[in-house]
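Next come the chains, spelled out residue by residue.
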Amino acid sequence: MKTRSLALLSVLGLVVIVGGLLLPQWMSYLFTIAMGKGLVVLGLVLLMRAGLVSFGQGLYYCVGAYVAGMLTQFADVTDILVIMLASVAVSVAIAAIIGLLLCRYREIFFAMFSMAFSMILYGLLVRNQFLGSTDGFNVANPSLLGWTPGAEASSDLVLVVAVILVITLGTVAWRYLKSLSGYAGEAVRENEIRLEYLGGSVFRVVYVKYIIAAALAAIGGTITALVSGHVDPEMAYWTTSGEFVFIALMGGTAHVAAPLVAAVLFEALRTYAFAVAPYTWQMILGFALLAIIIFMPSGLWSLVERFQNKKAGKTS
Amino acid sequence: MKQLLAILVDGSVYASWLFIISAGLTLIYGVMRILNMSHGSFYALGAYSGAAMVGWYFSTGSVPWFSFVALIAAALVAGISVGLLVERGLLRFMYGRDEVVMILVTYGVLLIMEDAIKLIWGVEPYFAYQPYTLLGRTKFAGLSFANYDFMLIGVSILIGIALWYGLNRTRNGKLLRVVIHDREIASALGINVARIFTITFLIGAGIGSLAGALTAPGLSVVPGMGIEVIVLAFAVVVIGGLGSITGALVGALIVGMARATAVHLYPDVELFVIYAVMGLVLAFRPQGLFAVANARKI
């Protein structure tokens, strides 16, 4: 990556952070949630580029959130960096085991089976009295390297950390997609047997992607838990995972920025739809989903690409 | 001993309920290769229209026994007409797309139907207990069972036999099996695949709503009931093998018995046990117990 684009990214990050902090409380809250969800969807998009749609990212989203919640409540660990690392470690460990089983499957079997695993977690959590069963429990405010911000400043802290993480991880994911392993993902989608003939290991490509997606989902879940101050089993329910798939489709899989932009748009759309039509917002989402599938199968990012192509066509 | 009997009866009732729901789901997948996420919404639709109809029927003070006819007729009419709308209005333009895309399309339909149901019937729960109490209860070996539940077992056996007979012993069933086996060859042989698709979807949607209607008297009809049901039905058909009616039957029995055992012995793991069984079966038989092996296309 060129230094110029790196500098541009840092400036963009700074602008987003300052802008986010200046926004009214409820908007910066939604924005942080959107950043968290955007990271989950980024992981999903990595899988989708290999042709795999997971209807169970809620599993790792929920694991990340619960690890964060349990650390703050029961272990008095509030350092946001420690919490992040712990969430990712737990999620990666779970994904490493489940992945062994799951990565043998493709298409709808992968989708349904991943959903079943998240439903297992949901089933365990709703019956667990200690963890508040269906109500979940509250999450304490985070701190950073010994500095404990007040109740109001702590959401600003999460926002800053979330934006930095999104930009760093987005850049890493962008690099990853340009790497051999990243391109191998597309080969898996196009033709697995040919990839094997070329000497690649299909299982390893899928397995690595699955674990990366789990880690990203855990970070997203942690961000959500810390900013909202509450976790509940609904995070592992399959409708949550369905929401992630929705965002992924909305953005498209062409670029790492697509899921992040789509997540912000989705949160805005949902908040608006929920305020205007509380009983029909699901219906609005349903029609939007159908419209995207029919009219814009490669997501909103295809608009950006069309614009870029037009520009390239004019200059040449 | 008493507990064992209770588990067996509860398990059979639960299994027959699961079978009725999953039969429609697996039939649609087998023929159309669509894993119909909105199946749960058809179930909810049947429950709501059935319950509303029964409520209205009893308010007119007619002969109580005909309420069963009202219940089933209302659900079938609602299920089949909405099914027709969904298939003709949306799904037929999507045939030939990727199976995963079809999941997302039917997911969209699910979102729309969930809210449509709320718009029509509101968010208050509905009760249609009259048919349930009408049949009374049977005391057996010191336990009390609702006769309605036994009727549910009977109905599911009838549906199973009807599907088996229809698929294996009739001309249309044979045509259907040709389509299941190879869609392209079937249309090359002059079978009207589009019409078979429509009919299959209607049968599947009809069975789904029927399942809802039959469940409605036993519990309260509330928003979101279809969303809970769909994942259970998925577990059942995946255990049995997608697209296989026999598979749905065996899957329903396995899940039904497993859940009844859990409910009676370890109530905390009720939901967990269903997916644990599913994971176990899939670890050894990745395509499910009765799935037809698919040749891999290169």
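Residues numbered from 1 in each chain as written. Chains lettered and ligands numbered in written order. Predicted model: local features only at pLDDT ≥ 70, side-chain atom pairs only at ≥ 80, totals over all residues. Heavy atoms only, no water.

In the nomenclature of an unreviewed UniProt entry, chain B is known as Branched-chain amino acid ABC transporter permease of Marinobacter salsuginis. According to its UniProt record, chain B has this under Sequence similarities (unreviewed entry): "Belongs to the binding-protein-dependent transport system permease family. LivHM subfamily." (UniProt positions renumbered as here; feature names shortened; annotations may be inferred.)

(A) Examining the side chain of Lys209(A) more closely. All names here are of chain A. Tracing the chain through its elements places Lys209 in helix α9 (residues 202–228). Lacking a salt bridge, the buried Lys209 has Glu186 as its closest oppositely charged neighbour, with an N-O distance of 6.8 Å. For Lys209, the residues in contact, after removing those within four places along its chain, are Leu46, Leu47, Ala50, Tyr176, Leu177, Gly182 and Gly185. (Helix = DSSP H or I, 4+ residues; strand = E, 2+ residues; numbered from the N terminus. Buried < 20%, exposed > 50% of the residue type's maximum accessible area, 1.4 Å probe, protein only. Lys, Arg positive; Asp, Glu negative; His and termini not counted. Salt bridge = Lys/Arg side-chain N within 4 Å of Asp/Glu carboxyl O. Contact = heavy atoms within 4.5 Å.)

(B) The arrangement of helix α1 (residues 3–22) of chain A in detail. All names here are of chain A. For α1, which comprises 20 residues, the first-to-last C-alpha distance of 28 Å matches the rise-based estimate of 28 Å (1.5 Å per residue) to within 8%. Listed as buried for α1 are Gly13, Ile17 and Gly20. The arc that holds every buried residue of α1, seen down its axis, measures 70°, which confines them to one face. Of the residues in α1, the exposed ones pointing more than 90 degrees away from the buried face are Arg4, Leu8, Leu14, Val15 and Leu22. (Expected span 1.5 Å × (residues − 1). Arc of directions from axis to C-beta.)

(C) Focus on the interface of chain B and chain A. Contact residues are listed per partner, giving 45 residues for chain B and 40 residues for chain A. Considering only the surface of chain B that becomes buried against chain A, Leu104(B), Tyr107(B) and Ile112(B) emerge as the three largest contributors, covering 15% of it. Viewed at the interface, chain A and chain B are joined by 0 salt bridges. The interface formed by chain B and chain A includes 4 residue pairs in polar contact (both at pLDDT 80 or more). Within the residue set of the side of chain B that touches chain A, elements represented by two or more residues are α4 (99–121), α10 (225–240) and α12 (270–284) of chain B. Looking at which element gives the most residues to the side of chain B that touches chain A, the answer is α4(B), with 16 residues. (Buried area = accessible area lost by both parts, 1.4 Å probe. Polar contact = N/O pair within 3.5 Å; in protein donor to acceptor, adjacent residues only side chain to side chain.)

(D) Spatial organisation of a nonpolar patch on the surface. There is a patch of nonpolar side chains on the surface, built from Tyr279(A), Leu119(B), Ile120(B) and Val123(B) and spanning about 420 Å² of accessible area. As for its position among the elements, Tyr279(A) is in the loop between α11 (257–276) and α12 (281–295). (Patch = residues over 30% accessible without salt bridge, like charges linked within 9 Å, V, L, I, M, F, W, Y side chains within 5 Å. Areas by Shrake-Rupley, 256 points an atom, 1.4 Å probe, with all protein chains shown as cover.)

(E) Spotlight on the packing of helix α2 (residues 25–49) of chain A against helix α6 (residues 153–177) of chain A. Residues and elements named next belong to chain A. The geometry of α2 relative to α6 is characterised by a closest axis approach of 10 Å and an angle of 20° between their N-to-C directions. Comparing their axes, α6 and α2 come out roughly parallel. Note that α2 runs across α6; the crossing there is left-handed. Of the residues in α6, those in contact with Gln25, Ser28, Phe31, Thr32, Met35, Leu39, Leu42, Leu46 and Arg49 of α2 are Ser155, Val158, Leu159, Ala162, Val163, Val166, Leu169, Gly170, Ala173, Tyr176 and Leu177. Across the contact of α2 with α6, the residue classes tally to 14 nonpolar, 5 polar and 1 charged. (Axes fitted to C-alpha atoms, helices over the stretch in contact; angles between N-to-C directions. Parallel < 35°, antiparallel > 145°, perpendicular 65-115°, else oblique. Left-handed = near helix turned anticlockwise from the far one by under 90°. Nonpolar A, V, L, I, M, F, W, Y, C, P; charged D, E, K, R; others polar.)

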